[in-house]
Each structure stands twice: as structure tokens, then as C-alpha cells.
Number of protein chains: 2
Amino acid sequence: MSPSAPPNPPRPAPKLRQVAAEAGVHFSTVSRALNPATRHLVAAPVAERVQAVAARLGYRVDAAASALRSGRSRLVGALVPGIANPVFAPILAGAAAALTEADHALLVADPGDDPARAAAFVAELASRRVDGMLLATAAREHDPAVAACLQRSLPVVLINRACARGTAVVPAVVPDDVAGMRLIVAHLSGLGHRRIGHLAGPATLSTGLLRRQGFEQAMAECGLHADGDAPIEVAEAFDRPAGRLAADRLLARPDRPTALACANDLLALGAYDACYAAGLRIPEDISVSGHNDMPLVDMITPGLTTVRIPHDAMGRQAAALLLETIRRGASSGITVLPPTLVVRGSTAPPGRRGASHERL
Amino acid sequence: MSPSAPPNPPRPAPKLRQVAAEAGVHFSTVSRALNPATRHLVAAPVAERVQAVAARLGYRVDAAASALRSGRSRLVGALVPGIANPVFAPILAGAAAALTEADHALLVADPGDDPARAAAFVAELASRRVDGMLLATAAREHDPAVAACLQRSLPVVLINRACARGTAVVPAVVPDDVAGMRLIVAHLSGLGHRRIGHLAGPATLSTGLLRRQGFEQAMAECGLHADGDAPIEVAEAFDRPAGRLAADRLLARPDRPTALACANDLLALGAYDACYAAGLRIPEDISVSGHNDMPLVDMITPGLTTVRIPHDAMGRQAAALLLETIRRGASSGITVLPPTLVVRGSTAPPGRRGASHERL
DNA sequence: AACGTTCCTGCAAACGTTTGTAGGATCGTT
DNA sequence: AACGATCCTACAAACGTTTGCAGGAACGTT
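Residues take numbers from 1 onward in each chain, read along the sequence in its written order. Key to labels: chains lettered from A, ligands numbered from 1, both in the order written. It should be noted that, the model being predicted, local features are given only for residues of pLDDT at least 70 and side-chain atom pairs only at 80 or more, the latter also being counted only at that level, while totals for whole chains, interfaces and linings use all residues. Side-chain measures were taken over the full set of non-hydrogen atoms in the model, leaving aside hydrogen atoms and water.

Caption draft 1: Just the protein's contact with DNA strand C, in detail. Any residue with a heavy atom positioned within 4 Å of a molecule or strand is treated as near that molecule or strand. Surrounding DNA strand C, one finds 26 residues, the nearest of these being Ser31, Tyr59, Arg69 and Arg72 of chain A together with Arg32 of chain B. The contact atoms of DNA strand C, taken as those within 4 Å of the protein, divide so that sugar and phosphate hold 55%. Throughout this description, a polar contact denotes any pair of N or O atoms lying within 3.5 Å of each other; where both atoms belong to protein, one of them has to be capable of donating a hydrogen while the other can accept it, and for residues adjacent in sequence the pair is counted only when both atoms sit in side chains. Contacts to DNA strand C include Ser31 of chain A, whose side-chain N or O atom sits 2.6 Å from a phosphate oxygen. Here a phosphate oxygen of DNA strand C and a backbone polar atom of His26 of chain B are 2.8 Å apart. Here a strand is any run of E in DSSP of at least two residues, a helix any run of H or I of at least four, and the numbering for each starts at the N terminus. Looking at the surface near DNA strand C, the elements that each hand over two or more residues are α1 (16–23), α2 (27–34) and α4 (63–70) of chain A together with α2 (27–34) and α4 (63–70) of chain B.

Caption draft 2: Here's a closer look at the relation of the copies chain B and chain A. Copies overlap after least-squares fitting; the atoms used are the C-alpha atoms of residues with pLDDT of at least 70 in both. Of the transformation placing chain B onto chain A, the axial shift is 0.2 Å and the rotation is 180°, giving an RMSD of 0.3 Å. Seen this way, the second copy is the image of the first under a two-fold rotation axis. In terms of C-alpha distance to the rotation axis, chain B has Ile300 of chain B as its closest residue, with the C-alpha 1.9 Å off the axis. We call two residues in contact when some of their heavy atoms are within 4.5 Å. A symmetric contact is evident, with 100% of the interface residues of chain B recurring at the interface of chain A.

Caption draft 3: Layout of the sheet that holds strand β11 (residues 287–289) of chain B. All names here are of chain B. With parallel pairing, the four strands of this open sheet are ordered in space as β9-β8-β10-β11. At either margin of the open sheet sits one strand with a lone partner, and together these are β9 (232–234) and β11. Neighbour to neighbour, the strand axes of the sheet diverge by 15° on average, direction disregarded. Pairing of strand β10 (residues 259–262) with β11 involves three bridges; the strand directions are parallel. Bridging from a neighbouring strand, Leu260 pairs with Val288 of β11. Helix axes use the C-alpha atoms of the stretch in contact, all axes being lines fitted to C-alpha atoms, and the angles between their N-to-C directions lie in the range 0 to 180 degrees. Here helix α9 (residues 206–221) sits on the sheet in contact with β8 (196–200), β9 and β10, set at roughly 165° to β8. Between any two strands, at least two bridges found by DSSP are needed for them to pair.

Structural data, given as C-alpha cells:
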């Protein structure tokens, strides 16, 4: 019948009016029959007939027209600092999955670490009529992107970062950072470590601040004091080079710690670099721990002891929370997800002091 | 003046008519003045006045209305099997960056490895009026998602996978898999290896097939024969467990190879597992190489010798190619990106045969 | 001075849907 | 049998933009 070339010169997608003509009803009736929320307004047999015709023709509502008329786009914007970042990628994946189930789609934008750029993206996405925003970029306070959403009264959910906005709390899904650090400190303390250093992240990010607070609190609970037992160095950023630098400083201290609790897996990788450069073996000479349990950190040598954060679940929950906010109009509070300890080869009881020097 | 609560009850965004009223012109003139493509139709002083007013009011064109009327949405859909996959995440990041520069936005969907689901997503995204599609999920041939795009005459660019569609070639951006395997084989051969095994990926994926072909070709070029010198095992999937299984089979062969060239870093990780389980040291007893240079494969022990593929650049180029196709209407051919060899600790000259047995 | 161009601007018609309103059946009640 | 209530369907008006078309002003040419 037809040659091997694509047979049909791609017919334009069927419209509401064509389904209506085929089913012998007015096109507004078709609209109602196909929309679950208005289906009850049309007689059952008619609705069924319409649905059958629509299915046969392969009708799909035109999103642009629908968005224009109804004001709802079934689109959600997401801002992440680094799409390929091993922390944020699973968050995106989880959010995308949850949104798909709810017939929404995900519009991703990557402003990096630039808050002004993030705010610009909010404006852009708002003009695309997104129904809500997922922000994984928010700084601890006075974030322009958050402000941009609030000003447009765009529903917004923060991910991985908390953010106080005046007295009102912006809904968020965050890991329990304090509990996470408590797990790590308890683990190290249980192994016998007493001098435990902390590689903190930037204090401008809630994860940086909260994990540091969690560390100090947990140390106090173990009877260790922030003064002598718990030296702290703050990294400039949550990445490997910054971790290396901060760890170098920590290792150079006169009372070098026997364990390093890092605020982040990437910082821990930097700490590996620093330790190896200093001729220290992990975990024989010094224990190192991370935070996040990024993909593949089980593959490095030695495997990194860390705190697992369910990033995928965070994405899912944030999407669910946002959809809820969009529907209800109200914003629920902050969801805190419990972390779990993952022990691998990078932590061990402290060795005899000075052993590493004898090696050299 | 105003309390700490958000001062302005969020005024609706300004429309074309409001800008027009403020500037004292008809709103169609505003539309023309703000659109670079039609700006030349309006007198220069008027255009400037309009632009000033628009900027002052913070006007942004409503994407839904624009898409409805013009048929162009400035939206591009992307299908990837696994958003968080270390290979595809950088691709997405690159594509998003390139699209953003061209004032387009990225709509991501993750059908996993299910081709039917991918085709369904194409339909969904088409109804959202995306201007084109980026497919990183395509199988080697007869991919339903590709067919769905072609049938709707949606511009499409394949990423990381090539795909012949009848006689016509679907535009794609792919790594030079043959050249990559040639780099590896030349490296191993240069080290003195003669019996080199290949852990191939599924032949249904172009990367699986092409890298195998590249391997066989490169071996022949080095004077090694596919029969005796180059045993091949095909893994069920591109993941670590499948790599372990296939490597087990390869190691069990009577003439066990002294080097393993894997089609993928994940397969190589599986090969590590298999080698360690067999009591073989890497690289003393056996060399292992990967493909892709995923993040963190430099941190495992020993560091993985592999072929670096510029995934970020692939995403960028694919987006650029797609935008070009959208504008011109025509589809350019296939872009092939050159790989580079990254030598780390997992490859070395072959040791004396049997050394590993004496160890046990 | 009349006429043909060129240049600009206003007018109005789409694009395809959702949704308020009105009117015609149908039914049950008195 | 007449009336009100209920149920369903059709009609029409948006939503905000892009774009073909027409008309008027300004200009240069014969």
C-alpha cells in the first residue's frame, strides 16, 4: 500500500472541535467530558462516547491554550546549582518522578551559585507560568530567588536548604543535619577518638551552619569541648579543592586531630588529598568521614564512612509538598528527613600517635 | 512606611496593553518593538520609548499566549535514562546551558530504559508544544521515541547514541567510539599485552556495538586476531553487576587475558570485583581499562585508566545542533566528538604469567 | 501639482482551550 | 395537568499574544 517512506504527511494533532464533530456534541462538552474535574457535569453515556472518540483520534489537550485560559500550566520550575552535581542530580530525579506521576513536568534551570542569576531565572520561569518553584539554591537568608517567588506569590518549596523569611517560614524539605553530625561524632567517639576536627562548609548555607552546630552540640554531648578537642576549619566552598585547603590547615595544627568529620563528601575527598600529601594513611593514621553518601564514594579507597541522606526521597517529598501547596494554596511547614550512618573503611580506632612520622 | 510583611499585594504581571497605554501606542506596536525580529518595522524613537516603558514596568511576554499564537514555545524536551546517571547528568547540564543562552528552556523526562515509556513522553512533550527533542535514550534502530518524533515532524537530535531510520540519518552527537577503543588497545598493546579481552555492552545500544567493533578493528590493526588473542564477553547491561558476571566468564577462560578493555567504567568496576574475587591484583596480574571517565574513577584504587568523553560538550553541541535544526528546518548530519586517553594506575605491562597463582 | 513609493501604525483576526450563563429536556410532586 | 427542580448541553466570552492587512503620512519623482 504505502512505500517505506513515512506514509502520512504528518497531520496536525486533532483539536477539541474535531473530537466534538466526530462525537456529535459541542466542543465545550468534550472539554468537560475529558477533564476528570468536570466529567460529572456531562451524562455518562455521552462522556464515554466522547472519551472513546478522543482516544481513537489520539487527542491531547494543547498545553499552551490550556495554560493561557486556565492560568495553570502543569509545569514546575526547579533551580539547582549544578545539574550534574552528585547531590542535586538525585534530587532532580526524585522530583521529576513525583511530578510525572501527578501529570506535571519539570523545567530545570541551573544558575550556579549566583543568587542574582537565580532570581532572573525565577522571573523567566514565572513568565512561563510555572505553577510553582523548587529551589535547591537558596542561601540561608535574604535569598533573592525566594523573594522573587514570594513577591509573585508563586508557591515555592526549598530543598536541602532552609531559609527564614522574616517571621514566616518558607516550606522546605531538608536533611536532619544536626542528627547527621551526631551520628558521625558518636561513631568516632565510640571508636575512641577524642580529638576530632571538623571541616565545615560555608556558614552562608544552612547545611554549612547546621552541620557545624550539630558537630559542636554532639561533641559537647560526648563530653568533648569545642576548645581543645574540636578544632574547626571552614572551607570556602563545598568542593574538593576547598576541602584540601581547609584540611591542610587542620593537619598543620600543633594538636593534630585523629579524626576529621567533614561537612560534605566532596570536602572529605579534599581531606583525602591533604592526608595523602601529608603522608598520613587512612584510616590507620587518621580517620575521615563525609556527609551525603554521594554515588561512587563506596568505590574510592578506602570506602568513605559517611552519612546517607535520601536525596531521591527529598526530591520526591519536595515535589509532593509543592503540589500540595499548589492545590491547597496553603503552605505546610518544614519536612525533616532522618539520615543514617554508613560505616566503611575510612574510619577506625585511633592508632598510636606518631606512627606516621616513623614511616617516613 | 510599610510593615515587615510583603508590602505590595502581588500585582498581576503587566500585559502588552498596559505597556501600550503607558507608551501611547497600539499594543501590536509594542509587540513589534519588543521582538528583535520585527523591531525594524517600527520607527526607532518609538521603539526606544516602548522598550524603556517595558523595562520600567518589568514586562515579560506571556509564554503561554505566545506559544499558542506563534506555535513556538522556546521549549525543548529531553529524554534521558536516569537523570542522576553520571554519564547523562553532565549531558543535561551542557544542554541546559546552551539552551539558556539561546533563550530556550529544558523540559526533562526520565523514561528509564523503557522505549514505550519514552514514546509516551514524546507524545506528552509534543502536546506541550516543545520546539524539538533531545533523545539520549534511543536504541540502535527502530526506536519508538524516535519514530514518534519523526511522525510529528518534531526536530530531534540524538545524544550518545546513533540510530539509522530507514535510509535517512537522524542527526546525532556521539563520541567516537571506534577511536576510543583504538586509543585503549594501542595503549595496552604498547605496554606489551597480546591477549586482551573485551567486556562488551549490549549490542542493542550503539555504544555497545561500536565499541566492540572498534575493539576488533584496533586489535586487527595491532596484528592481534579476534580468534585467539581477543576473547569477548557481552554484558547484559551497562552496570557493575553485569560487568562482574561477564568478567567472571572472561577470567574463567583457559587462556585468560592479561588485560581487560571494558566498554564502560561501570563494567570496569564490575571487572575489579571479579578480579579481586579471583585473587588477581590490578595491575600487577591483570590490567583493566574503562570508558567514559566518570567522576571519581580517579579516586578508586588503583585509579582507572579510561577514555574521557566530553559529555558536557556533547550536551552543548546537541542543543546547538537542535536549535539549528529548528531554525533552518533542515537537519545536519552526525557530529562525532574525539575522545582522549586518560592513563591511571589500573594498566601496566603484563607480569610473569602465573605469579598470581603463586601468591595464593 | 499630482502621483507612486516607502514607511510606519492601528485594526482585527486568529491560536485552542476553559468556564460562566442560559435555555431546553426530563422528572417528580401536588 | 401544571409547576418547580434537576440535569444536561450549547453558546459565547475570555486568556494575551502574533501577524496579515489596510490606511495615512511623508517623501521623492515626473
